[in-house]
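Here's the letter readout for the chains.
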Amino acid sequence: MPTFTTYDGTELAHHLQGEGEPLVCVPGGAMRASAYLGDLGGLAGGRRLILLDLRGTGDSGIPADESTYRVDHQVGDVEALRAHLGLERMDLLAHSAGGNLAQLYAAAHPERLRRIVLVTPTAWAVDLPVTPEQRLEAARLRAGSEPYDTAIAAYERILADADAGAGGGGSEADWDLAALLFYGRWDAAARAHCAANAHQQNENAFDPPATRAGLRRVSGEVLVLAAELDGNPRPVLAAELAGLFRRGAVDVQPRAGHFPWLDDPGWFSARVERFLLSGV
């Protein structure tokens, strides 16, 4: 397991999978170890995946200063990894909450990026939060059969609690019931992936106007990949995020949830590889 020392002396780990052109991968969670990304639906078959464990997660060290967990401080970790790898410019993939870190990195270091893939990303960094209505819109696409109707009811309670400021939003039992809504297929692989979350998870100062201005300086191409059944983000929000880049594009993976490489690995890996090769 390779390690490197970042700007404040913290030792960070990254994991390598596959052979080929390097692709630096930033996990979401927020703050979940990179193990949940797996081989990204077989993307490692043609790429050298460099999976970063964020500080304090996975095999990375715990920083002496806990304030450096804040996502804006982690921009320096991504830059330290790039320098450690000796890459003048790199391809970068980020998932979910990791999309915020990727957006901040892109705004700070636009010259260091060739192509960017944002997979079902959150976009708080540019003040594009998902709404409860958007989340429920996606959840209700599954209505009409069990166990989805029970899951939707649980998710409605979670979002109602969050809106009311009740204990952070939802009981543990409701979260367990709603978990399947984050996956396109609730099969054995999805259940195992979901169960691992508690063991892999360990956030934020944003300046949206500055970040939006920084993203306009990114000359490389950007793919924002949404998923048809995902509520965070919905395709319309993903398109707004893509529009903040000079060369941004959006695509939607059919019948997929928040972890689209699990739902249709072939579609996902082929789409991302095509973009990395040709930018389309």
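The structure under discussion appears in the preceding block.
Residues numbered from 1 in each chain as written. Predicted model: local features only at pLDDT ≥ 70, side-chain atom pairs only at ≥ 80, totals over all residues. Heavy atoms only, no water.

Comments concerning the packing of helix α1 (residues 75-85) against helix α2 (residues 98-108)
Running from N to C, α1 and α2 point in directions that differ by 70 degrees, and their axes come no closer than 9 Å. In this view, α1 runs roughly perpendicular relative to α2, as classed from their interaxial angle. For the pair α1 and α2, the crossing hand works out as right-handed. Contact residues: V75, V78, E79 and R82 in α1; L101, L104, Y105 and A108 in α2. Along the lines of polarity and charge, the residues of the contact of α1 with α2 split into 6 nonpolar, no polar and 2 charged. (Axes fitted to C-alpha atoms, helices over the stretch in contact; angles between N-to-C directions. Helix = DSSP H or I, 4+ residues; strand = E, 2+ residues; numbered from the N terminus. Parallel < 35°, antiparallel > 145°, perpendicular 65-115°, else oblique. Left-handed = near helix turned anticlockwise from the far one by under 90°. Contact = heavy atoms within 4.5 Å. Nonpolar A, V, L, I, M, F, W, Y, C, P; charged D, E, K, R; others polar.)

Remarks on the pairing of strand β4 (residues 47-52)
Burial of β4 is extensive: 5 of the 6 residues sit out of reach of the surface. Looking at chain direction, strand β3 (residues 21-26) and β4 are connected through 5 bridges and run parallel. Within β4, the position partnered with L23 by the bridge is L49. (Buried < 20%, exposed > 50% of the residue type's maximum accessible area, 1.4 Å probe, protein only. Pairing = 2+ DSSP bridges.)

A look at α1
Inspection of α1 places V75, D77, V78, E79, A80, L81 and R82 among the buried residues, and these make up the whole buried set. Directly beyond the C-terminal end of α1, a positive phi value near 70 degrees is found at G86.

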